[in-house]
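Remarks on the overall topology
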Amino acid sequence: ANRYGLRKIRFNQINEVNDIDDSSPSIIRNSNKCIKCGDCVMVCEEIQGVGALGFAHRGTDVKIMPAFNKKLSETNCVNCGQCRIVCPTGAITINNTTDKVWNAIYDKSKRIVAQIAPAVRVALGEEFGLKPGDVTIGKIVAVLKRLGVDEVYDTAVGADLTVIEETNEFLERINQNKNLPLFTSCCPAWVKFAENKYPELMDNISTCKSPQQMFGTVVKKIYGELDKKDGKETIMLSIMPCTAKKAEMNRPEFEHDGIKEVDIVLTTQGLSMMIKEMGIDFNDIEEESLDMPFGMTSGAGIIFGTTGGVTEAVLRRLLKNKFGKDDCEIIFNSVRGLENVKEATVNYDGRDIKIAVVHGLKNADDIIRQIKSGEKNYDLIEVMACRGGCIAGGGQPVPKVITRE
Ligand code: SF4
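A few points on the structure. (Residues numbered from 1 in each chain as written. Predicted model: local features only at pLDDT ≥ 70, side-chain atom pairs only at ≥ 80, totals over all residues. Heavy atoms only, no water.)

1. Thoughts on the overall build of the protein chain
Worth spelling out the cut-off: Think of it this way: any DSSP run of H or I at least four residues long counts as a helix, any run of E at least two long counts as a strand, and we number them from the N terminus. Residue contacts are counted whenever heavy atoms from the two residues lie within 4.5 Å of one another. The protein chains shown are the only cover counted for residues, whose accessible areas, like all others here, come from Shrake-Rupley with a 1.4 Å probe.
What the protein chain contains, in helices and strands, is 15 helices and 13 strands. Looking at the protein chain alone, contacts between residues at least 24 apart form 74% of all its contacts between residues at least 6 apart. Within the structure as shown, the protein chain displays about 18,200 Å² of accessible surface, and the carbon and sulfur contribution to it stands at 51%.

2. Focus on the nonpolar core
Definition in use: We define a nonpolar core as any set of buried Ala, Val, Leu, Ile, Met, Phe, Trp, Tyr and Cys residues linked to one another through side-chain atoms lying within 4.5 Å. Using a 1.4 Å probe on the protein chains alone, a residue whose accessible area is under 20% of its type maximum counts as buried, one over 50% counts as exposed, and one in between counts as partly exposed.
Ile-116, Leu-144, Leu-147, Trp-190, Leu-237 and Leu-271 are the most contacted members of the largest nonpolar core, which totals 85 residues. When residues of this core are assigned to their parent elements, the largest contribution, 7 residues, is made by helix 6 (residues 137-147). Leave out the neighbours within four places in its chain, and Ile-116 touches Arg-121, Ile-137, Ile-140, Val-141, Leu-144, Val-152, Tyr-153, Asp-154, Thr-155 and Ile-239. Of all hydrophobic cores here, the second largest spans 12 residues; its members include Leu-182, Val-314, Leu-319 and Leu-380.

3. Let's talk about the packing of aromatic side chains
For clarity, the threshold we go by: Only Phe, Tyr and Trp rings are paired, with Trp represented by its six-membered ring, and only when their centres lie within 6.5 Å; those with planes under 30 degrees apart are stacked, over 60 edge-to-face, the remainder tilted. Only when the NZ of Lys or the CZ of Arg is both within 6 Å of the ring centre and within 35 degrees of the ring normal is a charge said to sit over the ring.
A full pass over the atoms with the stated rule returns 8 aromatic pairs. Ring geometry for Phe-183 and Trp-190: centres 5.3 Å apart, planes at 40 degrees, overall tilted. Of the two residues, Phe-183 and Trp-190, both sit in the buried class. A ring pair is formed by Phe-215 and Phe-294, whose centres lie 5.4 Å apart and whose planes are at 85 degrees; its orientation type is edge-to-face. Remark: Phe-294 occurs in the loop between helix 11 (268-278) and helix 12 (299-302) and Phe-215 occurs in helix 9 (residues 211-230); sequence separation between them is 79 residues. Summarising the burial analysis for this pair, Phe-215 and Phe-294 share the class buried. Through a chain of ring-to-ring contacts, the aromatic side chains of Phe-183, Trp-190, Phe-193 and Tyr-198 assemble into a single cluster. One cation-aromatic arrangement involves Lys-276 over Phe-128; the distance from NZ or CZ to the ring centre is 5.5 Å.

4. As for the side chain of Ser-26
As a reminder, the rule being used: Counted as a polar contact is a pair of N or O atoms within 3.5 Å, where, for protein atoms, one must be capable of donating a hydrogen and the other of accepting one, and residues adjacent in sequence contribute only when both atoms are in side chains.
Following the sequence through the fold, Ser-26 ends up in the loop between strand 1 (20-21) and strand 2 (27-30). What makes Ser-26 buried here is its relative accessible area of 0%. A polar contact of 2.8 Å, which involves the side chain of Ser-26, links it to the backbone oxygen of Thr-243. Sequence-distant contacts of Ser-26, that is, excluding residues within four places in its chain, are made with Asn-79, Thr-93, Ile-94, Asn-95, Thr-243, Ala-244, Lys-246 and Ala-247.

None of the figures reported here should be taken as evidence of function without further support.
Below, the structure written as structure tokens:
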């Protein structure tokens, strides 16, 4: 029997649980499809260091499915969705919001304004058979317009605002030598991980909103005025590579007077489903431009999609006019790449600034322990929960081949 055949036999012997857990805003778990392979447990524990999906009662009570013995909302799940990427049977799937998008589109009292995150544009092209690396933002704009979305923008605008805010905040902390190291706050799974495990670090986490929420704030402010005039309600639709963004939009601090900054988060996978549902030929569709007034973005916002991108964008802004082009390239190269932890030291106004870039929450956990023990010392730390950054987010189409170290 092959790997999954063997597991299926075990599954048939023990599966007496009939349970669908939809308590998480990010993922749905169907225990009927679980074959106890343990891949989700491995990712959650060993890669992410979260342990929300432990093998509780293993070998003692076969009626209790490992990884399914508690509702996700009762665990310390950080909503990263990495378990869904490795689940071989579809027992863990994304909490699907395509119905909400369709309902909003068909409601004529709603104005749908969409934002597309940087990591979506490449993954969606690959899903439809384009070459790896092909950027498809123009095609996504065209698709969203065909689906009935009114205006389409790039989340990179929000990322540009995050860079400005975060650089200013970092400089202020450096000058005051206060609340260092500064941890980035763009990744909601990391923020939740820190809240759960290291609440004492909350003052060290940047107070800046993530690009999704930054852009949502701007849109709701500007279109709120328009809504009053034309009697419509603006719905902020986010197209994200990320399942944790579905939880982030529901955080109470991102709702003001009953109005959410972001109303619906649709993953790359969800958008792919809608395109297929509508029978749109993604490869053939003519590219369209982003709308105005937010149709212009910088390259800094776009590199947020990969590990090291936030740090590079902050450094670009910080070091502007301080170093020559070649010096900057050397500095930026040290924060690029896929090593678990990347380090760089930059001299800024006579002070050595120590930087670390980490992806994967287990790596973040390790680095925090090293800081606490005095082994390491940094001023700025970028943390992204997913290995490789948002390009490998839990809401992306599942890669055709998953390799493991
Ligand atoms: Fe979401 Fe990106 Fe964080 Fe992954 S790394 S949880 S995709 S924000």
